[in-house]
Every structure is written in C-alpha cells, then in structure tokens.
Amino acid sequence: MPDTSPHSLAILGAGPVGLEAAALAVELGFDVHVFERGEVGDHVIAWGHVSMFTPWSMNVGPASARLLARDGWTAPPGDSCPTGLELVERVLQPLAASASLKSRVHTHSQVVHVSRHGVRKNDHSTAAQRHAHPFRMLVRDGGGRESVLHARALLDASGTFGQPNRAGTGGIPGRGESYLAPQMSYHPDDVRGLRRERHAGRTTLVIGGGASAATTVIALAELAREAPVTRAVWVTRRDTPGFTGETANDSLPARAALYAQGRALQQGASEAVRWQGGCEVEGIEYNSATHRYRAQLATAAGARVEEADQVIVNCGYGPDNAIYRELRVHECYETLAPMKLAAALQGAGTSDCVSIPAFGADQFANPEPDFYIVGAKSYGRSSDFLLRTGYMQVADVLARLAETAGLRAAQEA
Ligand SMILES: Cc1cc2nc3c(=O)[nH]c(=O)nc-3n(C[C@H](O)[C@H](O)[C@H](O)COP(=O)(O)OP(=O)(O)OC[C@H]3O[C@@H](n4cnc5c(N)ncnc54)[C@H](O)[C@@H]3O)c2cc1C
C-alpha cells in the first residue's frame, strides 16, 4: 500500500471553492494539496469581464479572508459587486501565493482520473474496506507528463464551466454542431473587449435562455451603440419573455437588473436585438464561401432558419463525471449532482438560490468514503449555485473529514 499521511487531502480545482477549502484545511491541520488544470481561478478568468451579481461580502470565503488577513489584506467594500477578474486578482491569486498555500497549489496539473489504489469499483468491498485503500490520482502536467499521487481524502471542486452543454434539441449536439464547435463559442464571450473584432458590425446568433445568454446579448446591444450595424439574433427554447429562476423581489439587485434588461431586450427594447422564442436547434451549417452560419430551428409554427456571422452557445454547463468513473458515486439521473444533495435541493421548495441552505455534510456523502463533490459541480447541471453556498459546504465537509481524521479532537485538546 502506498505510504500516505492519514491527514492527506487532495482538492481538485483552484477556483474560489477549492481555495476556500484549502485555506480551511490548512487551519485544521490537513496535509492539503490543490491540483489545478490551468491557472489559479481559470474558469473565473474566462468570464472575468462579467460583473458578478453577488456583492464582495458574499464572494469571499471566511477561511480565505482569515488567511489573507494574516498577510495584511483588507476586505473590499462589502456591498459592491466585483467583476470575475477582480475576484481572481484581489482574492484567488493572493490566496494561492500566500505563505500557507504557495507550495500546496499546483497549477497546470490536471487530475485526469481518480480511483482507489488496489481496489476496483465493482470489487465486493465494504466502505470500511475501501477506506483502507488511499485514493489514487492520475495527474497530467502542461507538457503531457503523467504522475500518480495518493491521498486519504478527496474533494472534487473542479466546477462545470469547462463542460458547456450543446445547443441541439434534446441536449445532444445538433446536426453539424460537433464539427463546428471548435470555431463557435460556448461561453459568455467578452464581445465588447477581447472578442470585439469578431462581433462589431456583424450579426451574432446567441443560443440559450439563462443568465449567461442574457449577459452576452446585453453586451451585444451595448456594442451596437458603439459599432453600428452590430446585430444579435437571440433564440431560446422558452416561448415567453423571461427566465427560469427569476423571482419577484429578488434579494440580489444586480441579478434582478440583469433579468430585467434581458426581458426588455426580448420585448424589443433595442433595434439591434431580435428575440425568437420557442426554438429547438436541429442543426448548424457553415458556408465557407460566405463565412456565414445557418441554424436550422424547429418552432411550433414550423421550420425556420437563422443566419449569422458568429454563433455563441450559452446553454448551461454540466459536470465532468468521467474523472470519478471508477469511484462509487450515486448521481441524480436528472442533474448528475450527487444524489442526496440533488434530492435535498429538489425538496427545498424554493428556486431562489439565496435562500437555499448548504444542507450539511451528510447530504454530500457518497457511497465512496471520504470523497466529496463541492462547489458549482455539486449542483450538477443546475445553474443556481452561489459561492456563498460553496463556502458553507466546505465548512461542513471539512469538519466531518477532520473528525474522521482525528484532527478536530487534536485541535480542541
Ligand atoms: C458567468 C458566470 C457568472 C457567475 N456569477 C456569479 C455570481 O455573481 N455570484 C455567485 O455566487 N456565483 C456566480 N457564478 C456561479 C459560481 O459561483 C461560479 O461558477 C464559481 O466559479 C464556482 O466556483 P467553483 O470553485 O465551484 O468552480 P470553478 O470556479 O469553476 O473552478 C473550478 C476549477 O477547477 C479546475 N479544473 C477543472 N477540471 C479540473 C481537473 N480535471 N483537474 C484539475 N483542475 C480542474 C478549473 O480549471 C477551475 O479553475 C457565476 C458563474 C458564471 C459562469
């Protein structure tokens, strides 16, 4: 059996939740290491130009704040909303560079697979028997070199942003979509900044009906004011203006404003935006002579075609469950989130993510002992995850792990 410290903890992903878990784990006395596929805060950097709808006070984890305060960090004004990039630059990067975490955060280290050393998923082993076998991780660096590392406990905080959903009807790629995917975009692009040249003075087809799509279309409408002839064609599956998850008297004013602006654009507030509701994407073609896309759509009124110079698909994200295929994880058949948490979320009786509790460590437990999925990934395909919830999750889960590892007792003694 590999020689593994009983307090070893591996965290997948150096996003806000993974780093909050690392900060707390250091406090509790774990021998923690964070493995990050790209740069620190990689996913948040990708949407760094977007203004967050939660204020600073909800975006910084308590253990992160304590650790940073030791280096003289002062919290930004609580009620203003940062951009994603500000969160990375003012919190995530300083955290990862702090004396406590510097040697523990490994960037360009993708965890490709996790399992248990010497025992397979389908071996007839009890949880206690499996517990005796440390986790085994296959880690790949930026140059493709692979190494094997072991740990006693594992937190998967690798998010969902790296796994965008496809546009096609039924959730599978539309005809031609897989071939064209590398040249289209699947994220809320910075259409007024980095990607301006691709969109200014052109027509962009935006597919999707959630907050990311609204963010993209609002930015395109603003671009149209600066660069005439810019146009957006916005197609959604929903056939009436509005958004799933929109609540009356939203406690987050910035989110309410985003939805209100999106709804106004659907109702014709800008000449530059044409909204087409009730559409299912059948297929997408690209004409390499005209450099234009043609999306074939099915609507209640019959088939329809939309043409555009660029396509942005913002149809949500889902978890990469291939990483833990060899572990025993009970997943929800609807959202792919860990089953107990998914059931608790469904039973919460509210779609307002601000009022959804963190639910406690029991709801995160899997048949696989000491393996927890936290952060945005713990919600599977559901999009209503908030950072604040993730910070509460890691507090609960680490308290449980510390207890199992005898660390809490050691701290309290
Ligand atoms: C556009 C947008 C705006 C949002 N705005 C808000 C907001 O205002 N307020 C709010 O509370 N929430 C918001 N969210 C939701 C959510 O809080 C964020 O998605 C947040 O980034 C989730 O944090 P996380 O740490 O769970 O995951 P992520 O930030 O997604 O971090 C996961 C990390 O894991 C890494 N990774 C992935 N796979 C691997 C692997 N195999 N091995 C190693 N590393 C890996 C990634 O590179 C990434 O750095 C927003 C989301 C989006 C997309």
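As the structure is a computational prediction, the values presented were derived from the model and not from experiment.

A few words on the overall build of the protein chain. Secondary structure assignment for the protein chain yields 13 helices and 15 strands. In terms of overall dimensions, the protein chain is globule-like: its C-alpha atoms have a radius of gyration of 22 Å, near the 22 Å expected for 413 residues. Expressed along its principal axes, the backbone C-alpha trace of the protein chain runs to roughly 65 × 50 × 45 Å. Residues counted as buried form 49% of the 413 residues belonging to the protein chain. A separation threshold of at least 6 residues defines the contact pool for the protein chain, and within that pool the share at least 24 residues apart is 70%.

To continue, consider the confidence of the model for the protein chain. Chain-level pLDDT for the protein chain is 94 on average; 97% of the residues reach the 70-or-more range. This model gives residues 409-413 a pLDDT under 50, and the stretch forms 2 contacts once residues within four places in sequence are excluded.

The next point concerns the sheet that holds strand E8 (residues 203-207). As summarised here, the arrangement of the 4 strands in space is E10-E9-E8-E14, forming an open sheet in which the pairing is parallel. Each end of this open sheet is capped by a strand with a single partner; those strands are strand E10 (273-276) and strand E14 (310-313). Here the average twist between neighbouring strands, direction ignored, is 20°. Helix H9 (residues 211-226) rests against E8, strand E9 (231-235), E10 and E14 of the sheet, and its axis sits at about 165° to E8.

With that settled, consider the nonpolar core. Within the largest apolar cluster, 50 residues are counted, with the highest numbers of intra-cluster contacts made by Leu-9, Ile-11, Phe-30, Val-91, Leu-155, Leu-398 and Leu-401. With 8 residues, the top contributor of residues to this core is helix H1 (residues 16-28). Excluding anything up to four places from it in sequence, Leu-155 contacts Leu-9, Ala-10, Ile-11, Leu-12, Ala-21, Tyr-372, Val-374, Val-397, Leu-398 and Leu-401. With 20 residues, the next largest nonpolar core counts Ala-213, Ala-221, Ala-232 and Leu-258 among its residues.

Around the ligand, the surrounding shell holds 27 residues, and the nearest of these are Glu-36, His-43, Phe-53, Thr-54 and Leu-387. In the environment of the ligand, a nitrogen atom lies 3.0 Å from a nitrogen or oxygen atom belonging to the backbone of Arg-37. For the ligand, the accessible surface in isolation is 990 Å², of which the surrounding protein chains cover 93%. Elements supplying a minimum of two residues to the shell around the ligand: H1, helix H2 (42-46) and strand E4 (109-116). A class-by-class count of the residues in the shell around the ligand yields 15 nonpolar, 9 polar and 3 charged.

With that settled, the discussion passes to the packing of aromatic side chains. The full count for this structure, using the stated rule, is 7 aromatic pairs. Here Phe-161 and Tyr-317 contribute two aromatic rings whose centre-to-centre distance is 5.0 Å and whose plane-to-plane angle is 35°, an arrangement assigned as tilted. Of this pair, Phe-161 sits in the loop between strand E7 (153-156) and helix H7 (177-180) while Tyr-317 is found in the loop between E14 and helix H11 (339-347), placing the two residues 156 residues apart along the sequence. Taken individually, Phe-161 and Tyr-317 each receive the classification buried, so the pair is uniform in this respect. Put simply, the rings of Phe-135, Tyr-324 and Phe-371 touch in pairs and so form one group of aromatic residues. The ring centre of Phe-135 lies 3.9 Å from the NZ or CZ of Arg-116, which sits over that ring. A cation sits over an aromatic face here: Arg-166 above Tyr-186, 4.4 Å from the ring centre.

This part takes up the side chain of Thr-203. Its location among the elements puts Thr-203 in strand E8. In this structure Thr-203 comes out as buried when scored by relative accessible area, which is 17%. The residues touching Thr-203, leaving out its near neighbours within four places in the chain, are Arg-231, Val-233, Glu-307, Ala-308, Asp-309 and Gln-310.

This part covers the sheet that holds strand E11 (residues 280-287). Within a sheet, adjacent strands bond to each other through the backbone by hydrogen bonds, running parallel or antiparallel. With antiparallel pairing, 3 strands are arranged side by side in an open sheet as E11-E12-E13. Of all the strands in the sheet, the pair left with one neighbour each is E11 and strand E13 (302-308). Put simply, the sheet's adjacent strands are angled 20° from each other on average, direction ignored. In terms of strand pairing, strand E12 (residues 292-299) meets E13 through 7 bridges, oriented antiparallel. Residue pairing for E13: Leu-297 is matched across the bridge by Arg-304.

What follows covers the packing of H9 against helix H10 (residues 253-266). Contact pair H9 / H10: the axes reach a minimum separation of 9 Å and the direction vectors enclose 65°. As judged from the angle between their axes, H9 and H10 are roughly perpendicular. Every pair of crossing elements has a handedness; the one defined by H9 and H10 is left-handed. Residues Ala-211, Ala-214, Thr-215, Val-217, Ile-218, Ala-221 and Glu-222 of H9 form the contact with H10, whose own contacting residues are Leu-258, Tyr-259, Gln-261, Gly-262 and Leu-265. Counted by class, the contact of H9 with H10 contains 8 nonpolar, 3 polar and 1 charged residues.

Our focus in this paragraph is the domain arrangement of the protein chain. Size of an interface, as often reported, equals the accessible area lost when the parts are brought together. What the domain assignment lists for the protein chain is domain 1 (8-162 + 317-412) and domain 2 (169-313). For domain 1 and domain 2, the distance between their C-alpha centres works out to 31 Å. On the domain 2 side, the residues contacting the 15 residues of domain 1 number 12 residues. Surface buried jointly by domain 1 and domain 2 totals about 1,100 Å² across both partners, of which 65% is contributed by carbon and sulfur atoms. Linking domain 1 with domain 2 are 0 salt bridges, by the criterion used here. Our enumeration of links across domain 1 and domain 2 arrives at 4 residue pairs in polar contact (both at pLDDT 80 or more).

Let us now look at the packing of H1 against helix H4 (residues 62-69). One way to put it is that H1 packs onto H4 with a least axis distance of 8 Å and a crossing angle of 65°. By the angle class used here, H1 and H4 are roughly perpendicular. Crossing handedness for the pair H1 and H4: left-handed. Note on element contacts: H4 touches H1 through Pro-62, Ala-63, Ser-64, Arg-66 and Leu-67, opposite Leu-19, Glu-20, Ala-23, Leu-24 and Glu-27.

Conventions adopted
Residues numbered from 1 in each chain as written. Predicted model: local features only at pLDDT ≥ 70, side-chain atom pairs only at ≥ 80, totals over all residues. Heavy atoms only, no water. Helix = DSSP H or I, 4+ residues; strand = E, 2+ residues; numbered from the N terminus. Rg over C-alpha atoms; globule rule 2.2 N^0.38 Å. Buried < 20%, exposed > 50% of the residue type's maximum accessible area, 1.4 Å probe, protein only. Contact = heavy atoms within 4.5 Å. pLDDT = per-residue confidence, 0-100. Pairing = 2+ DSSP bridges. Axes fitted to C-alpha atoms, helices over the stretch in contact; angles between N-to-C directions. Core = buried A, V, L, I, M, F, W, Y, C linked by side-chain atoms within 4.5 Å. Near = heavy atom within 4 Å. Polar contact = N/O pair within 3.5 Å; in protein donor to acceptor, adjacent residues only side chain to side chain. Areas by Shrake-Rupley, 256 points an atom, 1.4 Å probe, with all protein chains shown as cover. Nonpolar A, V, L, I, M, F, W, Y, C, P; charged D, E, K, R; others polar. Phe/Tyr/Trp six-rings, centres within 6.5 Å; stacked < 30°, edge-to-face > 60°. Lys NZ or Arg CZ within 6 Å of the ring centre and 35° of its normal. Parallel < 35°, antiparallel > 145°, perpendicular 65-115°, else oblique. Left-handed = near helix turned anticlockwise from the far one by under 90°. Domains from an automatic or database assignment. Buried area = accessible area lost by both parts, 1.4 Å probe. Salt bridge = Lys/Arg side-chain N within 4 Å of Asp/Glu carboxyl O.

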